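Residues per chain are reported as follows:
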Amino acid sequence: MSLRPGATGPVGSQVSSGEEIGAVETIRRGIAQTPELVHGIGWTLFFAVVASLGQVIVPIAVQQTLDRGLNAPGGPDLSFVTWMGVAAFFGLVVTSVASYFMTSRLFTTSERGLATLRTKAFRHIHDLSLLTQSTERRGALVSRVTSDVDQVSQFLVYGGLLLVISVGQVLVATVIMAVYSWQLCLVVWLCFAPLFISIRYFQRKLSDAYGLVRRQAGAMLSAVSEPVVGASVVRSYAVQERTQDRIDEAIDGFKAASTRAQQFTVISFSLGGISAGLANAGVLVIGVLLGLTGEMTAGTVLAFAFLVTLFVGPVQMGTQIITDAQNAIASWRRVIGILETPADVVDPGEDATHLPRGPMDVRFEDVSFAYPGGPLVLRDVDLEFRAGTRVAIVGETGSGKSTFAKLLTRLMDPTTGRVLLDGVDVREVAHSSLRRGVVLVPQEGFLFDDTIAANVRYGRLEATEEEIVRAAEELGLADWLAGLPSGVRTMVGQRGESLSAGERQLVALLRAHLADPDLLVLDEATSAVDPELEVRIGRALERLMTGRTSVTIAHRLSTAEQADEVVVVDAGRVVQRGSHAELVTQPDLPYARLHASWVAQHGR
Ligand SMILES: Nc1ncnc2c1ncn2[C@@H]1O[C@H](COP(=O)(O)OP(=O)(O)OP(=O)(O)O)[C@@H](O)[C@H]1O
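Residues numbered from 1 in each chain as written. Predicted model: local features only at pLDDT ≥ 70, side-chain atom pairs only at ≥ 80, totals over all residues.

Looking now at the site of the ligand. Within the structure, the ligand sits among 12 residues, and Tyr371, Thr397, Lys401, Ser402 and Thr403 are positioned closest to it. It is helix α11 (residues 401-408) that provides the largest number of residues to the shell around the ligand, a total of 3 residues. Grouping the amino acids of the shell around the ligand by side-chain chemistry returns 2 nonpolar, 9 polar and 1 charged. (Near = placed C-beta within 6 Å. Helix = DSSP H or I, 4+ residues; strand = E, 2+ residues; numbered from the N terminus. Nonpolar A, V, L, I, M, F, W, Y, C, P; charged D, E, K, R; others polar.)

Following this line, the structure appears as structure tokens:
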């Protein structure tokens, strides 16, 4: 893959809401994403048909018992009645066995398909760039792969099952009714005509209403989860009430959307009830009238009463199923929306280049960058660092330093221009090679709720405990590690909260050392640590940078003093370059000003 210099790269596409996808299209794309859902569907349908057919044996047996058994021309024929009893029993057994197989098959295939859907959605979220992820609130994104997938699951397992049975029953009941009496069959269908005609209308209304319900569910999860994650901020600033107001608002929004959606269900359900009542009454009245004229036997009228129940039950159930289906489709769309959002920072695949080992050359070629919908935050950056150099990037807050680091590590791609490592555009480098060779140590490295060893292993998964201890020795951290309650096996707590801020930095440095990168990008931590730990961190950093190219986003100018080269960024532009000694002697330029204010604050 070759990219023109200055080619425009995709930057952080929005996570698709999926709302523009129609219902049938949703099902088609959903099945294309998880074909497991329809594996073996033929057999499941076969059992559904058998179960439905089994159900009509009872009404037929009742009719036959009355007309040909009890009212036989030569008096009641008991042997015929017995046979009919056996046939009805056989019908019940067949229905039960077929229902069992159909249900268990539906459960198994649905759960298998949904497990695939969940896995795919979670993986895809990880593939999306940080930028794309941040276009949707994290809580809402989580809701799309948890509660939305659950909604699809509930429908496929229960609603899907009922749908298959219902359609089968309505068809079979219609055919048998038509065979017995086309007039009564017509009466039943006419009574349900208004409901059938309005189904499309309700379906559309329900679709909109449930789309809103799912969006509100995501907003609610977001409103609830954010304050839990940021509990310390909420408590320390005593903003519980305001936070609670936001949560209450989100819950109210969800309640209002759900209530509105349920109103349509209630209307369509009531319409179903009225149709059922009319159908039952109509069959009895017209059946009796036909009976009086001798066109219909008592057995047929009784059989019809059974058949109407067989017809009405699933039709009424159908209105509930349509509601569930709309809810599930609204959810399915949102999951498909995630799966179809392109992963913008893509691996170049087969044509990818693998970077050679050893300290890396870094080059920024006319790089500009804008966050989606925002102004340029980096402009025409043209820089080159030779392999093995120690670079410090300094600048006011918001000047674009972190953005620079994200482009260098390919967490995002430039809007225009190229970032080259050892002369190769980063977009052409295999992800595996890039992640192996380039490591970013963020300001606040994320620690997982596990041991120090497990957290450090994120640097190199196969590292043994001995290797971790050796890495700690190399960074001069062995005595710190030995002083912890359980050494490398010490638990760090959620997000590392059992360690101090400085200790968390040490774990992050150990992790980076174990990864053994050729280019180290450090976003210097700003949190103050005690002087002893500060010395330890400084020493570990010194050793970590030895023999590699390193780029540090320097918040302390003492770091800039020790760097081979200092790059000063101001409002997205590189305004000065050189060693600290050179830059500090250029008065009236940004570096001298930054340095003067640093010295004033820190007394050096
Ligand atoms: N995800 C984002 N979406 C939109 N704008 C952003 C995003 N991240 C940063 N910005 C904007 O880009 C500009 C540069 O931000 P950046 O974080 O690179 O600055 P910085 O120099 O690292 O600041 P600091 O020293 O405070 O970390 C700022 O104006 C910021 O508001």
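Side chains Val438 and Leu440 of strand β6 (residues 438-441) all project onto a buried face; the interleaved residues Val439 and Val441 project onto the opposite face, where all are buried too. As defined by bridge partners, β6 adjoins strand β7 (residues 519-523) across 4 bridges and the pair is classed as parallel. Paired with leucine 440 across the strands is valine 521, a residue of β7. (Buried ≥ 20, exposed ≤ 12 C-beta atoms within 10 Å, placed from the backbone. Pairing = 2+ DSSP bridges.)

Time to look at helix α10 (residues 298-339). Here α10 spans 59 Å end to end across 42 residues, near enough to the 62 Å set by a 1.5 Å rise per residue. The principal kink in α10, of about 25°, is found at threonine 319. (Expected span 1.5 Å × (residues − 1). Bend = angle between axes of the 7 residues up to and from the residue.)

The next thing to look at is the environment of aspartate 449. With respect to the element layout, aspartate 449 can be found in the loop between β6 and α13 (452-456). Classification of aspartate 449 by C-beta neighbours within 10 Å gives partly exposed; the count is 14. As a C-alpha pair, aspartate 449 and glycine 496 span 47 residues in sequence and 6.6 Å in three-dimensional space. Those residues in contact with aspartate 449 that lie beyond four places of it in its chain are Gly493 and Gln494. (Contact = placed C-beta atoms within 7 Å.)

Here we come to the UniProt feature "transmembrane region" (unreviewed entry) in the protein. Sites flagged by UniProt as "transmembrane region" (unreviewed entry) map to residues 37-60, 80-102, 155-180, 186-202, 264-290 and 296-315. In this annotation, residues 80-102 is assigned 100% helix and 0% strand; the end-to-end C-alpha distance for the span is 32 Å. Secondary structure across residues 264-290 comprises 100% helix and 0% strand; the distance between its end C-alpha atoms is 38 Å. (UniProt positions renumbered as here; feature names shortened; annotations may be inferred.)

Right, let's get into the sheet that holds strand β3 (residues 390-395). Taking strand neighbours across the sheet as the criterion, the 6 strands line up as β6-β7-β8-β3-β9-β10 in an open arrangement whose pairing is mixed. Sheet topology places β6 and β10 (573-578) at the edges, where each strand pairs with a single neighbour. Neighbour-to-neighbour, the strand axes of the sheet open up by a mean angle of 20°, direction not taken into account. Pairing of β3 with strand β8 (residues 549-553) involves 4 bridges; the strand directions are parallel. Opposite alanine 392, over in β8, you have threonine 552 as the bridge partner. (Axes fitted to C-alpha atoms, helices over the stretch in contact; angles between N-to-C directions.)

Glancing now at the packing of helix α14 (residues 465-474) against helix α16 (residues 501-515). Where α14 contacts α16, the axes come no closer than 10 Å and their chain directions differ by 110°. Considering the angle they form, α14 stands roughly perpendicular to α16. Between α14 and α16, the residues in contact are Ile468, Ala471, Ala472 and Glu474 and Leu510, His513 and Leu514, respectively. The class makeup of the residues in the contact of α14 with α16 is 5 nonpolar, 1 polar and 1 charged. (Parallel < 35°, antiparallel > 145°, perpendicular 65-115°, else oblique.)

Here we come to α14. Structurally, the α-helix is built with 3.6 residues per turn, so residues lying three or four positions apart point the same way. Looking at α14, one finds that the buried residues are Ile468, Ala471 and Ala472. For α14, the arc enclosing every buried residue in end-on projection is 100°, short of the 170-degree limit, so these residues lie on one face. Residues of α14 that are exposed and point more than 90 degrees away from the buried face comprise Glu466 and Glu473. Elements that come into contact with the buried residues of α14 comprise α13, α15 (478-482) and α16. Positive backbone phi, at 75°, marks glycine 476, one or two positions downstream of α14. (Arc of directions from axis to C-beta.)

Let's shift gears to the sheet that holds strand β4 (residues 416-421). Spatially, the 4 strands line up as an open sheet ordered β2-β1-β4-β5, and their pairing is antiparallel. Of all the strands in the sheet, the pair left with one neighbour each is β2 (376-385) and β5 (424-425). As judged from the 5 bridges shared by strand β1 (residues 362-370) and β4, these two strands associate in the antiparallel manner. Following the sheet pairing, glutamate 365 is matched in β4 by arginine 418. Sheet strands in contact with α11 are β1, β2 and β4, and its direction is about 120° off that of β1.

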